[in-house]
Amino acid sequence: MADTPTLGDDLKRLEDIVRRLEDEETGLESALELFEEGVTRLRSAQARLADAETRVNQVLKDSSDGGTIRLVPLDE
Amino acid sequence: MPDFDAAWTVSHLAQTLKRRVEADGAPIWVRGELTGVKRYASGHCYFSLRDDMARVDCTMWRSSVARLRSPLEEGSVVYALGHASVWEERTALRFNVSQVLPASAVGPAAQEAERVKQLLLRDGLLDPGRKRPVPEHATRIAVITSVAGAAVRDIITVAARRWPGVELFVINSSVQGATAAAELVAALDLLCHLEAIDCCIIGRGGGSKEDLVAFNDESVCRAIAACAIPVISAVGHEVDVTLADLVADLRAATPSQAAEFALPDRRDVEVRLDRARRRLVGVTAALLRARSDRVERTRDRMGSALVERVRRAERRLLAASGRLAPALARRVAGPREHLARIESRLLPAMRRRLAAVDAQGRALAASLNALSPLAVLGRGYAVARDPDGRLLRRAAQFTPGSPFTLTVSDGTVAARTEDSHG
């Protein structure tokens, strides 16, 4: 999804941050900012992995009212 | 004069022909009309296959005859699976048949599939260039299959193991039977109304060849090709590739494999995260060490340069004083003492300045360390920030009465400056 960063986004950004930190042109102040952002991303990614639970929806289309789409949890 | 010594024996001719005919051992399907069917007491069958132009004699051994699902009917059109061989005794070609299927049982579906394939080819829907990559970190995956089938269970199981954070959207559809094709098309249409789906798995668990007809259906194939997101086909049938498999962006042999293609393995991601964490901390620490070393080196260089300048001045004075009349020597003694005094004051002052720069670097390093997930705040470090989030590094930045926040191991604390001492 576009609005909240996905774990994939976090991973990519993290690897980008590390690359920029390794670049000697990066100043100390921006290095500190990058580090802080990196720590935040790292924690959010780790939290996402730890909390993750598979959600299974069944997609239903109501034929009665012109095809409204509903999501219901799929019965195991 | 012909070379009679080189003449072949009949046996040699028969053997050579046999070797050449049988060199390619792969069985082939031959379509033809059954004629002259004879079954002997031994259990073996002999018959011919023919069409308008040609005819071939066939043998079918007892073991194969026993496996026949329906008897060989004179005059019926069949598909016979076998391989050509040469019967040496007569140097006669024989087609050794292992399986016979009535054309009426396989004909229409196979013919329809072939017809659809030609249409899809003509419209470019089977071009490899059309295939889209499946996203690396899918978080929302649609699954089109029968909710009563094994496929959906397999996909859920693999997802829970590999990538628990995924959300699955199951769209129920028959996967075999008269309405299957129409239901699959409707499901693909419904898919377009869901938001932000990363990819779609369409398929079923294992089935017989006849059960796969819906996945060769033209409308199903066209709907897959028209789908806005990448589609993974998962028709659980290793041997037969369906047209849906050819149109899909990726073909998986089974629904479980489709889930593996669509989802990364959490263990791989954990390894990547851990590597990023170690590099992040390592590279920042190295960066700070490098700055700190530079401060040290600058201080050393500046210190020794200063001493060197003072010494040079001293030598010049001495040399000058040596050349002057002794009477003037007294006048020189004054500046010389002055210089010595300057040296004794300048060096400590310069050292104090450099030490302050160094301390600033160390304070920065300390605040970085406090943020590091390795050197946890739990050890008792805290980071102070002003209301704008700027780090407070020196006592001078704390004005009495001003608010600031302290970040400790498990959260932040609002604080206010009572007094400060630089």
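A. Seen up close, unusual backbone geometry. All names here are of chain B. In this structure, threonine 91 takes a positive phi of about 50 degrees despite not being glycine. Here threonine 91 shows up in the loop between β4 (77-87) and β5 (92-102). In this structure, alanine 196 is a non-glycine residue whose phi angle is positive, near 55 degrees. Tracing the backbone shows alanine 196 in the loop between α5 (180-191) and β8 (199-204).

B. Structural view of the pairing of strand β3 (residues 55-60) of chain B. All names here are of chain B. Pairing analysis gives 6 bridges linking strand β2 (residues 45-50) to β3, with the strands arranged antiparallel. By the bridge assignment, tyrosine 46 is partnered in β3 with threonine 59. Once β2 ends, the chain turns through 4 residues before running back antiparallel as β3. Pairing of β3 with β5, which is carried by 2 bridges, proceeds in the parallel orientation. Each residue of the ladder has a partner; that of cysteine 58, found in β5, is phenylalanine 95.

C. Fine view of the packing of helix α4 (residues 150-162) of chain B against helix α8 (residues 255-262) of chain B. Residues and elements named next belong to chain B. Put simply, α4 and α8 touch, their axes get as near as 8 Å, and they point 35 degrees apart. Seen from above, α4 lies across α8 with right-handed handedness. When α4 is examined against α8, the residues Ala151, Asp154, Ile155, Val158, Arg161 and Arg162 are found in contact with a partner set consisting of Pro255, Ser256, Ala259 and Glu260. A per-class count over the contact of α4 with α8 returns 5 nonpolar, 1 polar and 4 charged.

D. Local environment of the confidence of the model for chain A. Looking at chain A as a whole, its pLDDT mean stands at 77, while 86% of the residues score no less than 70. Confidence, read as mean pLDDT per element, is least for helix α2 (residues 28-51) of chain A in chain A (78) and greatest for strand β1 (residues 55-61) of chain A (88).

E. Structural detail: the interface of chain B and chain A. Listed per partner, the contact involves 46 residues of chain B and 41 residues of chain A. Summed over both sides, the interface of chain B with chain A buries roughly 4,000 Å², with 69% coming from carbon and sulfur. If you sort the residues of chain B by the area they bury against chain A, Leu273, Arg279 and Leu280 of chain B come out on top, with a joint share of 15%. In this structure, the connection of chain B to chain A is made through 2 salt bridges. Two residues, glutamate 167 of chain B and arginine 55 of chain A, come together in a salt bridge whose shortest N-O distance is 3.3 Å. Put simply, the parts of the chain that give the side of chain B that touches chain A at least two residues each are α4, β7 (167-172), α5, α9 (266-323) and α10 (326-371) of chain B. The residue makeup of the side of chain B that touches chain A, split by class, is 28 nonpolar, 6 polar and 12 charged.

The rules behind these values
- Residues numbered from 1 in each chain as written.
- Chains lettered and ligands numbered in written order.
- Predicted model: local features only at pLDDT ≥ 70, side-chain atom pairs only at ≥ 80, totals over all residues.
- Heavy atoms only, no water.
- Helix = DSSP H or I, 4+ residues; strand = E, 2+ residues; numbered from the N terminus.
- Pairing = 2+ DSSP bridges.
- Axes fitted to C-alpha atoms, helices over the stretch in contact; angles between N-to-C directions.
- Left-handed = near helix turned anticlockwise from the far one by under 90°.
- Contact = heavy atoms within 4.5 Å.
- Nonpolar A, V, L, I, M, F, W, Y, C, P; charged D, E, K, R; others polar.
- pLDDT = per-residue confidence, 0-100.
- Buried area = accessible area lost by both parts, 1.4 Å probe.
- Salt bridge = Lys/Arg side-chain N within 4 Å of Asp/Glu carboxyl O.

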